[in-house]
Amino acid sequence: MGRFRLRVVGAERLCRVDELSGVVMTSPGPIKKKHKGLPLVSGGLVSMICECPPYRWAASKCYRWGLQGRSLTVMVPYLWLVLLFLAPFLIVVKISFSEIRIAIPPYAPLFEMIDGLYVQLNLHMANYQRLFHDDLYMYAYLSSLRIAAVSTVLTLLVGYPIAYGMARAPKSWRLPLLMLVILPFWTSFLIRVYAWIGILKTEGFLNMFLLWIGVIDEPLVILHTNIAVYIGIVYSYLPFMILPLYSSLEKMDHSLLEAAADLGCPPHKAFWKVTFPLSRPGIIAGCFLVFIPAVGEFVIPDLLGGSSTLMIGKTLWSEFFNNRDWPLASAAAVILLLLLVVPIVWFQRFQSNRSQLGE
Amino acid sequence: MIKSWSWFNKVSLIVGFAFLYVPIILLVIYSFNESRLVTVWAGFSTKWYGQLFQNEGIMNAAMVTLKVAFLSSTLATIFGTMAGFSMVRFGRFRGRTLFNGMIYAPLVMPEVITGLSLLLMFVAISLDRGIWTITLAHTTFAMCYVAVVIQARLNAFDRSIEEAAMDLGCPPLKTFFVITLPIILPGVLSGWLLSFTLSLDDLVIASFTTGPGATTLPMKIYSMVRFGVTPEINAVSTILIGIIATGVLLASVLHKRRESQRKNDELLASAIP
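Read on for a plain summary of the structure. (Residues numbered from 1 in each chain as written. Chains lettered and ligands numbered in written order. Predicted model: local features only at pLDDT ≥ 70, side-chain atom pairs only at ≥ 80, totals over all residues.)

### Things to note about the overall build of chain B
The helix and strand tally for chain B stands at 11 helices and zero strands. Each helix and strand of chain B, placed in order from N terminus to C terminus, yields the pattern α-α-α-α-α-α-α-α-α-α-α. Considered along the principal axes of its C-alpha atoms, chain B spans approximately 70 × 65 × 35 Å. Put simply, chain B has 273 residues, and 43% of those count as buried. (Helix = DSSP H or I, 4+ residues; strand = E, 2+ residues; numbered from the N terminus. Buried ≥ 20, exposed ≤ 12 C-beta atoms within 10 Å, placed from the backbone.)

The structure is reproduced here in structure tokens:
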């Protein structure tokens, strides 16, 4: 209110009109120019484009067809997602009902013209029957759900103290700590999983260390077991757990804890009565973000798990690449999606509610 | 008064960060190992890096990966910004629920499903698979991440500046480029960086959607890892970690400097009596 910028030749100053006296006051020195280049260049470019005849012609045509900038802005990403995200799913569903055959592509068409007169629908349920009757697949689904659930709980147990410690750290520490949590998330997933192979091997760092301090007499076998898969998932998905937990813990009003303490509540009880319930949105978001991708995980069980570790992502991969049974792999994907559709929709509701609340 | 930072908090932070960083640090240290055995230290050497640059397979894969990452992250940033803008600004348009669903679902969708479905579609429309199909696939899932980042940035945006520009007769498109874009630019840039690294990292979706001749770096590393642990993988991993860490740190430092400059300007403005 009453503030503006004054541009004298060469220097720009912030000015303010004093409401009472009406005197214009200027800042003592010229204010630094900041990123002036981009708006000027892009603005100039845009006006140049807007002025040129082909653009005007196209714009008027578009306008007549009811296409304005607004609807174009929605339509382009919308169409892209429909074509490259939704349509592929429908194709997966379609192929899951097809029969395998040795050809390129290796499945029979769903609709077939018979004598050019009528269309025959070859709905083939055998893929689903096989998935439900073959113990291997049922076991793979159940064990993926179990491994994902166990590792989600483990990630929460590991992540909560870290997020809590970060939220209670001095203010100046928080941003660097946050960066430190995010940094591993940016580095390659594959590389981080690979790093654990060197640690968990029989002659790896962990065994060497434990032998050296004399806790164990002979090396432990950890690599190629489910324990290694748990460690891999907890390690890889830890940032996904810490970030939402931290953001809900950091927002917490500290006067609530002080009030609890004033009323005679011991700190550990105050934690369970005040802090923990208030961090629930963070816990829910974090658990979803870990559980849902972990169910379909492929890299971790493939590199860290053993032959006894069955997870559906790995089964689907080998069904597709090694056995080249595309219809069965599609059916496996459809069932996996049905298993995940409830948590995914729930998560999405949760997210869009939160974003609408402006959080 | 509550003790704000107890010993428990400190210990959990130290243990937690050790858990996050020790594996990466060990990986980097042992990339300079003389011996072929990854876990036995035999003296400092950079010979694995030298071998890396003579390995034609790895260099080709790196080129393919960089091309895909540049193209797909640029496309994803454009589409993601449009999508994020639509989600925040256009209120309830027709098909909004589906749109939101398509933005949030790829974030949590298991990669095997995304990869499989895209491949089956590319086969169904008989598109030649290769570097282009990987780019299309990466653009699709990265744009959803960008949309979420932009959305967060736009939610904390003062609309009155835009309205002022439009009141003064600035057309909407120009308003976007002159007013909105410079303000959300940090979000756009971090969205670009995020999609770049997502594309750089991706193994599963690239393996499904690739064709003959287009091998990306993660695919190459994966096939090397399956044959065993070698210092060469450590070396290539160290280079990747170095590039990404530098990029992220640089971005955050630049962002911080700009924020503090903005704060200084505001302070200066309010300091006038």
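### Observations regarding the packing of helix 3 (residues 69-96) of chain A against helix 4 (residues 96-108) of chain B
Angle between the axes and distance between the axes are the two parameters that describe a pair of packed helices. Taken N-terminus to C-terminus, the directions of helix 3 of chain A and helix 4 of chain B make an angle of 55°; their axes are 10 Å apart at the nearest point. Relative to helix 4 of chain B, helix 3 of chain A is oriented oblique. Helix 4 of chain B is crossed by helix 3 of chain A, and the crossing has left-handed handedness. Contacts between helix 3 of chain A and helix 4 of chain B involve Y78(A), L81(A), F85(A) and L86(A) from the former and F99(B), M102(B) and P106(B) from the latter. Each residue belonging to the contact of helix 3 of chain A with helix 4 of chain B can be placed in one class, and the counts come to seven nonpolar, no polar and no charged. (Axes fitted to C-alpha atoms, helices over the stretch in contact; angles between N-to-C directions. Parallel < 35°, antiparallel > 145°, perpendicular 65-115°, else oblique. Left-handed = near helix turned anticlockwise from the far one by under 90°. Contact = placed C-beta atoms within 7 Å. Nonpolar A, V, L, I, M, F, W, Y, C, P; charged D, E, K, R; others polar.)

### Describing the interface of chain A and chain B
Interfaces are frequently sized by the accessible area removed from exposure as the parts join. The interface is formed by 94 residues belonging to chain A together with 79 residues belonging to chain B. Take the side of chain A that touches chain B: its biggest share by element is 18 residues, from helix 3 of chain A.

### Section: helix 14 (residues 312-321) of chain A
For helix 14 of chain A, the buried fraction is high: eight of the 10 residues fall into the buried class. All of the buried residues in helix 14 of chain A are I312(A), G313(A), K314(A), T315(A), L316(A), W317(A), E319(A) and F320(A).

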